[in-house]
Structures are given as C-alpha cells and as structure tokens.
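Understanding the architecture of this molecule
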2 protein chains.
Amino acid sequence: MTSRQNRTRDRAERGIPEATVARLPVYLRALHGLQDRGVATVSSEELAAAAGVNSAKLRKDLSHLGSYGTRGVGYEVEYLVYQISRELGLTQDWVVAIIGLGNLGRALAGYGGFASRGFRVAGLLDADDAIVGERISGMTVEHVDRLEDVIAERSVSIAVIATPAGAAQGVCDRVVAAGVTSVLNFAPVVLSVPDGVDVRKVDLSIELQILAFHEQRKAGGPELPDGDGPPGPAHYVEAVDA
Amino acid sequence: MTSRQNRTRDRAERGIPEATVARLPVYLRALHGLQDRGVATVSSEELAAAAGVNSAKLRKDLSHLGSYGTRGVGYEVEYLVYQISRELGLTQDWVVAIIGLGNLGRALAGYGGFASRGFRVAGLLDADDAIVGERISGMTVEHVDRLEDVIAERSVSIAVIATPAGAAQGVCDRVVAAGVTSVLNFAPVVLSVPDGVDVRKVDLSIELQILAFHEQRKAGGPELPDGDGPPGPAHYVEAVDA
DNA sequence: ATGTGTGAATCGCTTCACAGCA
DNA sequence: TGCTGTGAAGCGATTCACACAT
C-alpha cells in the first residue's frame, strides 16, 4: 500500500540534491509572479523559461519533491507554491538577527525579501555606540554586547553577519556558541565553524571579479587577452626562472 | 622550443573551468591576507586552509593557470598574487556604473571592495528626482535618463543593477543596447539578455531560503521535519487526489 | 495529442594517489 | 625528504529521449 503521505516520502526521502535546493527559491519566485498574474496552471516549459533554466532540469528538480504535475497538462501553480514552500521550510517563520549596521546592514534590514515570506528580523546589533539606539526600519539597534541575550530571548535561528571583515569571525563564534546553526555571511572572510553549522556567503566583490574574468576574455577576442608578451614585471619572470 | 610565455599559454589555453574561476577570487583574498602578515611562501595545505577548501582542489585549480609552485617548497605569495590577478583581469581597471541608489545601491557605492583593486565606480544613476543630485560616497547621483551617455562617455564596461524588481529588465535592456556585456544583478528577477552578455545574480533572499531548508532538516532530526502527517491543508491534498 | 516523470548517457568537477622534481 | 602537478577514478549534476499517464 502506498498512501499519499508515503508517496511523498518515497520521493523526497532524505536527499534532495544541493543544486536542486539552490534552484527551488528561483522557481518559487517565478511561481509567485504567475500567481500574481492569475495564472492557475503552468507547463514545465513555461515555468522553466520564467526561471531561466531548461525544462528538463526543472522537471528533474521537481521530481525530487514528488509527482506534483499532471501528465499532458502541467503543474497547478498554487499547489506547487505550497509544496516548494513547505520543502524549503517557509511555512514556518525563521527568526533572523542582523549584526553590523553599516551601509550593507541597513540595506538588509530594510530589504523586503527578508521581512516577507518566512523570515522575521527580530534583532539589529552593532558595536558602534554612535549607531546603537538608532532606529532602522522600525527597530532600535542594540549593542552587540547583548548578542547572546537577544539570540536566547527571541529564539533567533539565523544570524546575518554584515560587520567589517575583522569582526566577523568573533561575532560568528559568539552566535554559534549561543546555539545558532545557520549563518549568512556578508563579510569578506572565510568563517570557520564547527560541523553542523551552515555558513552561506554572499560576496559582492567576488562576483565582480568573476565578471571581470569573462569580460577580459571577450575583449581579447579568440587570442590571449593581452598578447603573448611577458606576463608581467621582469621581477616575476625571474622569480621562476632563477 | 618552449619559452616561458608559451608554457603559460600551454597551460591556461582557452579554458579554465568555471568552478575554478569562481574560487580564484577567494584564493586571491587569502593571499592578500598572507601578504599583509608578511608571509613570503605558502604550501597548498596552508593556503587551502585559509581559503576554506581542500589542498587537492587548490592544487588542481592553480595547475589550470600554470606551474607556479615549487615542488617540495610551495608557492611564492607575491608571484601567485600577480598571476591570479592577471588571470582575473584585475591588472587593468574596470569601470562600473551603479543603477539604483536605494539602500542597497548606497551600500554598494560605499563598499570598499568595489572601489579598490581593479574596479572604479564612475557613475551613480537613479530614476527618483529626490535622489538625483544627492552626493553619495563622493559622487553625485545622475538621472537614469543619462544612462547611455554615461556608459559611452566614461567607457563603462560593467553595470550593477540595484533597482527595484520592476525596473531591472528595462535598465538591463538599455545598458546592453549601450554596449555593456557584463551585468551584476541585485534585483530579484531573472534578466533576459542576448548571447554574449554575462549576467551574475546576487540574491539575498535566496541564500536565506537555502539556509532555512537546511535548518529545517536539522531541527527535524533524522526523521521528516514535521512528522508524517498530511503535508498541508486538505485543499491541497484534494487538488491532487481529485 | 500533450506534457510529465525518469532511466540512461553524458558531462564536468572533485578526490585520490602517486610520479616527478626540488 | 617534502610538496607540487596530474593521470585516473569517483561522484554528482545535466541533458537526452521516450515510456507513460491523462
């Protein structure tokens, strides 16, 4: 016998590929867009186009969640929104604290995507006395000394680190010690954490550097970007030839 | 005969794996850190630890650039910094324009990682008359009507889009029409661009959603996160069973 | 007739393990 | 001896192509 619950379980089991997980939020956003336009049903081809992937990948991804489509028809938008939301854990609220309220932290505090759908910013903390006490997006900035208290009192489960590079590891150690196991890091450093703690990193300058790499290749045409001349100052050539 | 220049070319050839390119900026940052601490030579093991990867991967990555290490010794930090910088195209300056100066755009305009090392912000543009004319990080915000002029006059080669979602595709179409082939997109939409244009996307809420997925799995322990009960409102179950 | 769900083939990245060189 | 550079093996993700359900 295979009840509906067990069918779901048979598919999802314990392992959805990381690559698939990373795309589910993209599908979800595309589906919300369709929902807003009043679309009730969508084919893998259409949804894939809206999400910027090919349809085979989309179908394979969705198949990891279960059989939520109808052959010959497509997917029911509302149902799929619910299933993906549930899989991502967005049917419950996640409490977020933002540490570091420089330009970036302020932007994050005011970012609609954080406050909406599944995430609640419950703490803003900074080490700078000139910033502590300030009101940002309807919340008062607290001193980072209260970090452990805030995490415990408000059941924070995700920490967003937007401090300068030098402060990030220290803050990270403290939030981990306070029981947080999910960290979103905007500081340009590699954070070390114990096993069982997830860190995701968003690095603005890394993305730019990747673009620069490709831009350089385009500019240089089919040949090497800056000719076949010496790769740099004589010093460096000598460093190897010597 | 194999001159140094040709050796370089033999290795790098035309194809460095994307996965490797994406890690080069991380290595570069780690190397800068070592440089600041006065370290002259580093082994793959040490550098890998600093960059948060394993040493086999690091060595394979570097081998795509050329043989820049010394067996039995390691890599010369300064030399490697230069080689990676050159490969990424950071030995030349890239001119960047930021479109959209809400909270996020302001954060980007003031972000040190942009202004430093290889990138020069040469234009800030916004559609809001209340923002146009404002001075941000030493630059005056111009009206987005001047977008094409700014791109042409200042030879902008990378556009950073930090507008609201609704405006992003329109801005993207304009920068592409103006000749820009590299776009860094912070707006929560999938941008369509013609072949030959690179778009990289940084999405704050997607990262949070991925964290939520893993956090949910941890909280639920080895079993399913919220038990084996019905996956949601009866409505949804019926949508499939009907 | 149409579009999903999925084995099978393919591709690219990671990891292993050691040859080769300093 | 010690560490790099790299073939070869392993692994996961993507793509193909079609059986199957509606």
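None of these values were measured; they are calculated from a predicted model.

**Some points on the UniProt feature "DNA-binding region" (unreviewed entry) in chain A**
UniProt's feature table lists "DNA-binding region" (unreviewed entry) at residues 26–65 of chain A, given in the numbering used throughout. Span residues 26–65 of chain A is 70% helix and 5% strand, its end C-alpha atoms 15 Å apart.

**A word on the protein's contact with DNA strand D**
Looking at DNA strand D, there are 26 residues lining it, with A:Pro17, A:Arg71, A:Gly72, B:Gly69 and B:Gly72 nearest. Taken together, the elements giving at least two residues each to the surface near DNA strand D come down to helix H2 (18–36) and helix H4 (55–63) of chain A together with helix H3 (44–51), helix H4 (55–63) and strand E3 (74–76) of chain B. In terms of residue count, the dominant contributor to the surface near DNA strand D is H4(B) (5 residues). Here the surface near DNA strand D is composed, by residue class, of 8 nonpolar, 10 polar and 8 charged.

**Some thoughts on the sheet that holds strand E5 (residues 119–126) of chain A**
Ordered in space as E8-E5-E4-E9-E10-E11 (chain A), the 6 strands form an open sheet in which the pairing is parallel. Both edges of this open sheet fall to strand E8 (142–143) and strand E11 (198–201) of chain A, since each of them pairs with a single strand only. As paired strands, strand E4 (residues 94–99) of chain A and strand E9 (residues 158–161) of chain A are joined by 4 bridges and run parallel to one another. The residue bridging A:Ile98 from the neighbouring strand is A:Val160, located in E9(A). Relative to the sheet, helix H10 (residues 204–219) of chain B contacts E4, E5, E9, strand E10 (182–185) and E11 of chain A, its axis offset from that of E10(A) by approximately 165 degrees.

**Observations regarding the protein's contact with DNA strand C**
Of all residues adjacent to DNA strand C, which total 26 residues, the nearest are A:Ser44, A:Gly69, A:Gly72, B:Pro17 and B:Gly72. In terms of residue count, the dominant contributor to the surface near DNA strand C is H4(A) (5 residues). Taken together, the residues that form the surface near DNA strand C break down as 8 nonpolar, 10 polar and 8 charged.

**Details of the domain arrangement of chain A**
Taken domain by domain, chain A holds domain 1 (4–88) and domain 2 (94–202). Each of domain 1 of chain A and domain 2 of chain A has a C-alpha centre, and these two points are 31 Å apart.

**Topic: the environment of B:Leu101**
With respect to the helices, strands and loops of the structure, B:Leu101 is situated in the loop between strand E4 (94–99) and helix H6 (103–110). As for B:Leu101 and B:Met139, which are separated by 38 residues in sequence, their C-alpha atoms are 12 Å apart.

**Notes on helix H9 (residues 165–177) of chain B**
All names here are of chain B. Restricting attention to buried positions, one finds in H9 the residues Ala-168, Val-171, Cys-172 and Val-175. All buried residues of H9 lie within an arc of 110 degrees about the axis, which places them on one face of the element. In H9, those exposed residues whose orientation departs by more than 90 degrees from the buried face are Gly-166, Gly-170 and Ala-177. Looking one or two residues beyond H9, the residue adopting positive phi is Gly-179, at roughly 105 degrees.

**A closer look at the sheet that holds strand E11 (residues 198–201) of chain B**
Spatially, 6 strands are ordered E8-E5-E4-E9-E10-E11 (chain B) in an open sheet, and the strand pairing comes out parallel. Only two strands of the sheet have a single partner each, and these edge strands are strand E8 (142–143) and E11 of chain B. With 4 bridges connecting them, strand E10 (residues 182–185) of chain B and E11(B) associate as parallel partners. Among the inter-strand pairings, B:Ser182 is bridged to a residue of E11(B), identified as B:Asp198. Contacting E4, strand E5 (119–126), strand E9 (158–161), E10 and E11 of chain B, helix H10 (residues 204–219) of chain A runs over the sheet at an angle of about 165 degrees to E10(B). Sheet strands in contact with H6(B) are E4, E5 and E9 of chain B, and its direction is about 155 degrees off that of E4(B).

**A look at the packing of H2(A) against H10(B)**
In contact at an axis separation of 9 Å, H2(A) and H10(B) are set at 125 degrees when each is read in the N-to-C sense. Relative to H10(B), H2(A) is oriented oblique. Two packed elements cross with a definite hand, and for H2(A) against H10(B) that hand is right-handed. Across from A:Val21, A:Ala22, A:Pro25 and A:Val26 in H2(A), the residues of H10(B) making contact are B:Ile206, B:Gln209, B:Ile210 and B:Phe213. Residues of the contact of H2(A) with H10(B), tallied by class, amount to 7 nonpolar, 1 polar and no charged.

Cut-offs and rules
- Residues numbered from 1 in each chain as written.
- Chains lettered and ligands numbered in written order.
- Predicted model: local features only at pLDDT ≥ 70, side-chain atom pairs only at ≥ 80, totals over all residues.
- UniProt positions renumbered as here; feature names shortened; annotations may be inferred.
- Helix = DSSP H or I, 4+ residues; strand = E, 2+ residues; numbered from the N terminus.
- Near = placed C-beta within 6 Å.
- Nonpolar A, V, L, I, M, F, W, Y, C, P; charged D, E, K, R; others polar.
- Pairing = 2+ DSSP bridges.
- Contact = placed C-beta atoms within 7 Å.
- Axes fitted to C-alpha atoms, helices over the stretch in contact; angles between N-to-C directions.
- Domains from an automatic or database assignment.
- Buried ≥ 20, exposed ≤ 12 C-beta atoms within 10 Å, placed from the backbone.
- Arc of directions from axis to C-beta.
- Parallel < 35°, antiparallel > 145°, perpendicular 65-115°, else oblique.
- Left-handed = near helix turned anticlockwise from the far one by under 90°.

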